[in-house]
Amino acid sequence: MNKHVAPYSLLFLFAIAVASCKTQSPITSTTVNVNQSQGVYQYRDEDPTVKPFFSDRAGVTGRNGMVASAHPEASEVGLAILKAGGNAVDAAVAVQFALAVVYPGAGNIGGGGFMVYRDNGGKAYTLDYREKAPGHATPNMYLDSLGNVRPGLSISGHLASGVPGSVDGMAEAHKRFGKLTWAQVLQPAVDLAGKGFALTERDAVGLNRIKPDLNTINPGKAYFLKSVMSTDTTTWHKGELLVQADLAKTLQRIQTQGRAGFYEGETARLLSEEMVRGKGMITEEDLKNYHSVWRDPLQAKYKEYNVITMPPTSSGGVALLQMMRFTESYPLRRWGWNRDSTVQVMIEAERRVYADRAKFLGDPDFVKVPVTQLINPDYLRTRWTDFSWAKATDSRAVKGGMIPGYESLETTHFSVVDKEGNAVSITTTLNGGYGSRVVVGGAGFFMNNEMDDFSVKPGAPNMYGLIGNQANAIAPNKRMLSSMTPTILEKDGKLFMVVGTPGGSTIMTSVYQTILNVIEHGMTMQQSVNALKFHHQWLPDKTIFENGAFSDVSINALKNRGYILEKLSNTLGRMDCVLIRADGSYEGASDPRADNTARGY
Ligand code: GLY
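Residues numbered from 1 in each chain as written. Predicted model: local features only at pLDDT ≥ 70, side-chain atom pairs only at ≥ 80, totals over all residues. Heavy atoms only, no water.

1. A closer look at the sheet that holds strand β10 (residues 410–417)
- Taken in spatial order, the seven strands make up an open sheet running β7-β4-β3-β11-β10-β2-β19, and their pairing is antiparallel. Across the chains shown, the open sheet's two edge strands, defined by having one partner strand only, are β7 (293–295) and β19 (597–600). On average, each strand axis in the sheet is inclined to that of its neighbour by 15 degrees, with strand direction left out of account.
- Pairing analysis gives seven bridges linking strand β3 (residues 112–118) to strand β11 (residues 423–431), with the strands arranged antiparallel. Its bridge partner being in β11, G113 is matched across the sheet by T428.
- Seen against the sheet, helix α2 (residues 72–83) touches β2 (66–69), β10 and β19 and runs at an angle of roughly 160 degrees to β2.
- Each of β3, β4 (124–129), β7 and β11 touches helix α4 (residues 166–177); the most contacted strand, β4, lies at about 155 degrees to it. (Pairing = 2+ DSSP bridges. Helix = DSSP H or I, 4+ residues; strand = E, 2+ residues; numbered from the N terminus. Axes fitted to C-alpha atoms, helices over the stretch in contact; angles between N-to-C directions. Contact = heavy atoms within 4.5 Å.)

And the structure:
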């Protein structure tokens, strides 16, 4: 297998070079705020303006299996499959389909995703089931005659969808690694759709929020509404049962026919008819031709850890490794969690990484993505020469790096570990919440709005403010670039952590911080998930942060060096992770910011 592993010696050279940049550090941190002896991190700063954790939720412990996902019903399904003798892939497939029922905002069969899988023998695999542009897509399909972006066209409605990959991805994963039958792993989702499930408060609020779009984009359809009448004013409430009869039939077709139950026959016909009705592009031929791809995992060392992550079509894995390597040699632990020096080097890493993303990253089946060079320490060193402790680097002066010979908010993540130590990390998406908001008539599922993840015009920001270029331009059957970063870490050759999150452009910075919180700052997995987060993405040139993430002292220190900081009224990340503790037990950690739940035994 051609794994992109950079040699240690280069890393060492990079460490020396970076260390030389550190001598003028205006470190203001004086406390070491880690209590490793108890295995639990304690924030020891006197500054009351910092509230390190979003909540004090505790992790879930298990020894035989663990599932962490965005919805309690889906985690329960995964746990039941593990208890029935299924392995991590069986449970992951069941969770993917269960989320398509109980978490229609991001769980899906009308979207796509990525899977990182590590078997208990240490062999790693990645599966790219990202959506593809339809066969008739063109580079300028979202531009008017003057070359201006036609607002909203890549975000909502029928033209916003790529060809879905989730069902093919799950069929591929199950065919290769599943232990239980396909019918068994589909059954919980069929039941949840046909018999219904009780809405959580958050489920109800989400469906009520999109009611106007459901009426305007899907006239005459009652999906996710209490009545087909657009004048109906009733709303959903916590505890009410949501039954999805058409979705149950679609899932049954998938259950009995496998991938053909989605990409051919009745479901394909309903989907292509929906596209004709709304002037979308996806045809039955596009569906029939869709195939997910097994790709070589992207792997690299970080200290005593081996990081296994997603290669392109995701930009997330490359970005994660770049960020980790940029900051690897700095004494983050000594400086302390979210102290100004810690934050400064992390922001500067993030700034440079997103500039590279815009220039170089795209579908590797269409463009040459210089993955090995991008994570090479020599290259990273050239990107760090303009780093200054005195002053924030100006994003306008940061372009993508030079590589010789080189010619570009709603998603969900779940993590599963089974009794044998097989581990799955999956991030899957419709892109925005409830995708394009188009529900396929007769089939009952939301379609994605993933076309917005292409660069619809060079330099024009997408819905996440991300900028792209030629590498991520639209082409027929091409996959759009992603930020999803499902990741697995090994320590001393053994499974150590399974990690990932939704969050659009903020995915990789949240994954980066969540990993560092554990391995640099000594947090438990759950503390790391609870910990408040920040994000910088090159452009716009500002750092957003969750309220309480930084002390006033750190804020002032960073502002004095030219950093623009913006406190968020909402939150960052919805992490679902599993840590293997030193005693071999599993710590399931789910994000307290939403309905996320870990279940283990
Ligand atoms: N749709 C979000 C992502 O793939 O990055």
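2. Here's the deal with the nonpolar core
- Counting residues in hydrophobic clusters, the biggest one holds 87 residues, and the most contacted among them are V345, M497, I515 and I519.
- Sorting elements by how many residues they give to this core places helix α14 (residues 340–360) first, with 10 residues.
- Once residues within four sequence positions are removed from consideration, I515 is found in contact with L320, M324, T487, L489, M497 and V499.
- Formed by 79 residues, the second largest nonpolar core is a distinct cluster that contains V77, A92, A248 and I426. (Core = buried A, V, L, I, M, F, W, Y, C linked by side-chain atoms within 4.5 Å. Buried < 20%, exposed > 50% of the residue type's maximum accessible area, 1.4 Å probe, protein only.)

3. A closer look at the pattern of salt bridges
- Here the structure, examined in full by the defined rule, presents 31 salt bridges.
- Close ionic contact of D386 with R352 constitutes a salt bridge, the shortest N to O distance being 2.9 Å. Taken together, the residues span a long stretch of sequence, with D386 in the loop between α16 (377–384) and β10 and R352 in helix α14 at a distance of 34 residues. (Salt bridge = Lys/Arg side-chain N within 4 Å of Asp/Glu carboxyl O.)

4. Considerations on the site of the ligand
- Around the ligand sit R130, T411, T429, N431, E450, D453, S482, S483 and M484, and that is every residue in its neighbourhood.
- With respect to the ligand, the side chain of E450 contributes an N or O atom lying 2.7 Å from a nitrogen atom. (Near = heavy atom within 4 Å. Polar contact = N/O pair within 3.5 Å; in protein donor to acceptor, adjacent residues only side chain to side chain.)

5. As for the environment of A460
- Mapped onto the secondary structure, A460 falls in the loop between β11 and β12 (487–491).
- A relative accessible area of 18% places A460 in the buried class.
- In this structure, the C-alpha to C-alpha distance between A460 and D576, residues 116 residues apart in sequence, is 32 Å.

6. Concerning the packing of aromatic side chains
- Under the criterion given, the structure shown has 23 aromatic pairs.
- Arranged with centres 5.4 Å apart and planes meeting at 65 degrees, the rings of Y434 and F446 form a pair that is edge-to-face. With a gap of 12 residues between them, Y434 in the loop between β11 and β12 and F446 in the loop between β11 and β12 connect regions that are remote in the sequence. Across this residue pair, the class does not change: Y434 and F446 are buried.
- Three or more aromatic residues joined by ring pairs form one cluster here, namely F326, Y330, W335, W384, F387 and W389.
- Here the basic side chain of R259 rests over the ring of Y263, its NZ or CZ set 4.4 Å away from the ring centre.
- Taking the ring centre of W384 as reference, the NZ or CZ of R352 above it sits at 5.1 Å. (Phe/Tyr/Trp six-rings, centres within 6.5 Å; stacked < 30°, edge-to-face > 60°. Lys NZ or Arg CZ within 6 Å of the ring centre and 35° of its normal.)

7. Regarding the sheet that holds strand β16 (residues 565–568)
- Read across the open sheet, the three strands follow the order β14-β15-β16; overall the sheet is mixed. Strands at the two margins of the open sheet, each flanked by one partner only, are β14 (534–535) and β16.
- Where β14 and strand β15 (residues 543–546) come together, two bridges link them in antiparallel fashion. Paired with H535 across the bridge in β15 is I544.

8. A word on the side chain of T200
- Here T200 is to be found in the loop between β5 (197–198) and α6 (201–209).
- The class for T200 is buried, based on a relative accessible area of 15%.
- Those residues in contact with T200, other than ones at most four positions away along the chain, are H71, K238 and D595.

9. A short note on helix α10 (residues 265–277)
- Helix length check: α10 (13 residues) gives 18 Å between terminal C-alpha atoms against 18 Å at 1.5 Å per residue, within 8%.
- Taken together, the buried positions of α10 are occupied by T267, A268, L270, L271, S272, E274 and M275.
- Against the buried residues of α10 lie α8 (245–257), α9 (260–263) and α11 (284–289).
- At the C-terminal side of α10, K279 shows a positive phi close to 60 degrees. (Expected span 1.5 Å × (residues − 1).)

10. Some details on the confidence of the model for the chain
- The share of residues in the chain with pLDDT of 70 or more is 92%, and the mean pLDDT across the chain is 91.
- Here residues 1–38 scores under 50 on pLDDT; set against residues more than four positions off or in separate chains, the count is 90 contacts. (pLDDT = per-residue confidence, 0-100.)

11. As for the packing of α2 against helix α3 (residues 88–102)
- Taken N-terminus to C-terminus, the directions of α2 and α3 make an angle of 155 degrees; their axes are 8 Å apart at the nearest point. One way to sum up the angle between α2 and α3 is to call them roughly antiparallel. Between α2 and α3 lies a crossing of right-handed hand. Side by side, α2 and α3 meet where E73, A74, V77, G78, I81 and L82 of the first sit next to A88, D90, A91, A94, V95, A98, L99 and V102 of the second.
- Counted by class, the contact of α2 with α3 contains 11 nonpolar, one polar and two charged residues. (Parallel < 35°, antiparallel > 145°, perpendicular 65-115°, else oblique. Left-handed = near helix turned anticlockwise from the far one by under 90°. Nonpolar A, V, L, I, M, F, W, Y, C, P; charged D, E, K, R; others polar.)

12. Some points on α14
- Helix length check: α14, at 21 residues, gives a terminal C-alpha distance of 30 Å against a target of 30 Å (1.5 Å per residue), a fit within 8%.
- Within α14, 20 of the 21 residues are buried, which leaves the element mostly enclosed by the surrounding structure.

13. So, the pairing of strand β17 (residues 576–580)
- Burial analysis of β17 places five of its five residues in the buried class, which makes it a mostly covered element.
- Because side chains alternate across β17, one face comprises the buried residues D576, V578 and I580, and the other comprises C577 and L579, equally buried.
- Relative to β17, strand β13 (residues 494–499) runs antiparallel, the two being bridged by two bridges. Residue pairing in the sheet places V498 in a bridge with V578 of β17.
- Examined bridge by bridge, β17 and strand β18 (residues 586–590) share five bridges and lie antiparallel to one another. Across the sheet, residue I580 finds its bridge partner in β18, namely Y586.
- Hairpin geometry of β17 and β18 is characterised by an intervening segment of five residues between the two adjacent antiparallel strands and by a positive phi of about 90 degrees at G584.

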